[in-house]
Amino acid sequence: MKKLIIKNGTILTMNAQREILRGDILIEGSRIKKIGKLNKKDSEQARVIEARDQIVSPGFVQTHIHLCQTLFRNLADDLELLDWLKLKIWPLEAAHTPQTIALSARLGLAELIQCGTTTIMDMATVHHTDQIFEEIEKSGMRALCGKAMMDDCPGAPKGLEEDAKWSIEESLRLKKHWHNRSDGRIQFAFAPRFVLSCSESLLCAVRDLAKDDHLLIHTHASENKN
């Protein structure tokens, strides 16, 4: 089991007492084993990162992101939500290929890691969700992810059209393949995009399926006043 020591850091523990310690952190495999003063045996065959004058904190959690939209940043400013989606974002999402969506996800994940994020909740687009899961798995990020569900969405481009049956079947396929992958680091969540893109029957089916399998539902709600 590989060992890593982060040495001489200012450690934000986030424990019940909110202690701030100066010391070392011993990590073995994927687990933090010890915080504080380490002995000589702890240091044997360990990779050491010097963190003097640095703050060591738990990873940040990004509770809502679209890795499929990383490449679209700054292409659609100063628009109301539905204009932003219908005129700009949805046509771009519909144009994604497996290759472009993988690149978008890879770039977004690299930026998140660089800023200290270790856990995300991602909503993909309608297609190519496997590519996003694959990039998440390679990155080491902890994530919940699911395909966007859009079975009743006037104004959406042809590339985002789907019926309720396929939307549910594809979501269940993704769940079977990806849920609890990488020792539970990757999990599936149902992702009906929002009420304006989903039929009532689809939303009710998602509710029931999520309840039966104890899964989360990731959606948009109350995004603007209208």
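Here the structure is a predicted model, which means the values were calculated and not measured.

Basis of the calculations
- Residues numbered from 1 in each chain as written.
- Predicted model: local features only at pLDDT ≥ 70, side-chain atom pairs only at ≥ 80, totals over all residues.
- Heavy atoms only, no water.
- Core = buried A, V, L, I, M, F, W, Y, C linked by side-chain atoms within 4.5 Å.
- Buried < 20%, exposed > 50% of the residue type's maximum accessible area, 1.4 Å probe, protein only.
- Helix = DSSP H or I, 4+ residues; strand = E, 2+ residues; numbered from the N terminus.
- Contact = heavy atoms within 4.5 Å.
- Axes fitted to C-alpha atoms, helices over the stretch in contact; angles between N-to-C directions.
- Parallel < 35°, antiparallel > 145°, perpendicular 65-115°, else oblique.
- Left-handed = near helix turned anticlockwise from the far one by under 90°.
- Pairing = 2+ DSSP bridges.
- Expected span 1.5 Å × (residues − 1).
- Arc of directions from axis to C-beta.
- Salt bridge = Lys/Arg side-chain N within 4 Å of Asp/Glu carboxyl O.

**A look at the nonpolar core**
Counting residues in hydrophobic clusters, the biggest one holds 27 residues, and the most contacted among them are Leu67, Ile120, Ile132, Phe133, Ile136 and Phe190. Broken down by secondary-structure element, the contributors of at least two residues to this core are helix H2 (98-114), helix H3 (129-139), strand S8 (142-146), helix H4 (164-178), strand S10 (186-188) and helix H5 (200-213). Once residues lying within four places of it in the same chain are set aside, the contact partners of Leu67 are Ser104, Ala105, Gly108, Leu109, Leu112, Ile120, Asp122, Ile132 and Ile136. Counting residues in hydrophobic clusters, the runner-up holds twelve residues, among them Ala76, Leu81, Leu85 and Met150.

**Focus on the packing of H3 against H4**
Two numbers describe how H3 lies on H4: the axes approach to 11 Å, and their chain directions differ by 20°. By the angle between their axes, H3 is roughly parallel relative to H4. Classified by chirality, the crossing of H4 by H3 is right-handed. Contacts between H3 and H4 involve Thr129, Asp130, Phe133, Glu134 and Glu137 on the former and, on the latter, Arg173, Leu174, His177 and Trp178.

**A word on the pairing of strand S2 (residues 20-28)**
Two faces, one strand: in a regular strand the side chains alternate between the faces of the sheet. In terms of strand pairing, strand S1 (residues 3-12) meets S2 through eight bridges, oriented antiparallel. Across the sheet, residue Ile6 finds its bridge partner in S2, namely Ile25.

**Some thoughts on H4**
Its 15 residues give H4 an end-to-end C-alpha distance of 21 Å, which sits within 8% of 21 Å, the value for a rise of 1.5 Å per residue. Among the residues of H4, Ser167, Ile168, Glu170, Ser171, Leu174 and Trp178 are the ones counted as buried. In an axial view of H4, the angular spread of the buried residues amounts to 165°, which keeps them on one side of the axis. Of the exposed residues in H4, the ones pointing more than 90 degrees away from its buried face are Lys165 and Lys176.

**Remarks on the sheet that holds strand S7 (residues 117-123)**
The strands making up a sheet are joined through hydrogen bonds of the backbone, oriented either antiparallel or parallel. Taken together, the four strands give an open sheet; going across it, the order is S6-S7-S8-S10, and neighbouring strands pair in parallel fashion. Strands with a single pairing partner mark the edges of an open sheet, and in this sheet they are strand S6 (60-65) and S10. If you compare each strand with its neighbour and ignore which way they point, the axes differ by 15° on average. Bridge count for S7 against S8 is five bridges, and the pairing is parallel. For Met121, the partnering residue across the bridge sits in S8 and is Leu144. The strands that H3 touches are S7, S8 and S10; relative to S8, the one it contacts most, it runs at about 175°.

**Focus: the pattern of salt bridges**
Taken as a whole and assessed by the stated rule, the structure comprises 15 salt bridges. For Asp42, the salt bridge is made with Lys34, and the minimal N-O distance between the two is 2.8 Å. On the accessibility criterion, Asp42 (11% relative accessible area) is buried. With a closest N to O distance of 3.8 Å, Arg52 and Glu50 form a salt bridge. Judged by its relative accessible area of 52%, Arg52 is exposed. The exposure class of Glu50 is partly exposed, given its relative accessible area of 46%. Here the salt bridges do not stand alone but share partners, grouping Arg106, Glu135 and Lys138 into one network.

**Re unusual backbone geometry**
Notably, Asn74 is not glycine yet its phi reads approximately 70°, a positive angle. Mapped onto the elements, Asn74 comes out in the loop between S6 and helix H1 (81-94). You will see that Asp78, though not glycine, has its phi angle at about 60°, which is positive.

**Overview of the environment of Phe194**
The topology assignment puts Phe194 in the loop between strand S11 (191-192) and H5. C-alpha separation for the pair Phe194 and Arg18, spaced 176 residues apart in sequence, amounts to 38 Å. With residues up to four places along the chain from it excluded, the contact list for Phe194 reads Leu82, Leu85, Trp90, Thr219, His220 and Glu223.

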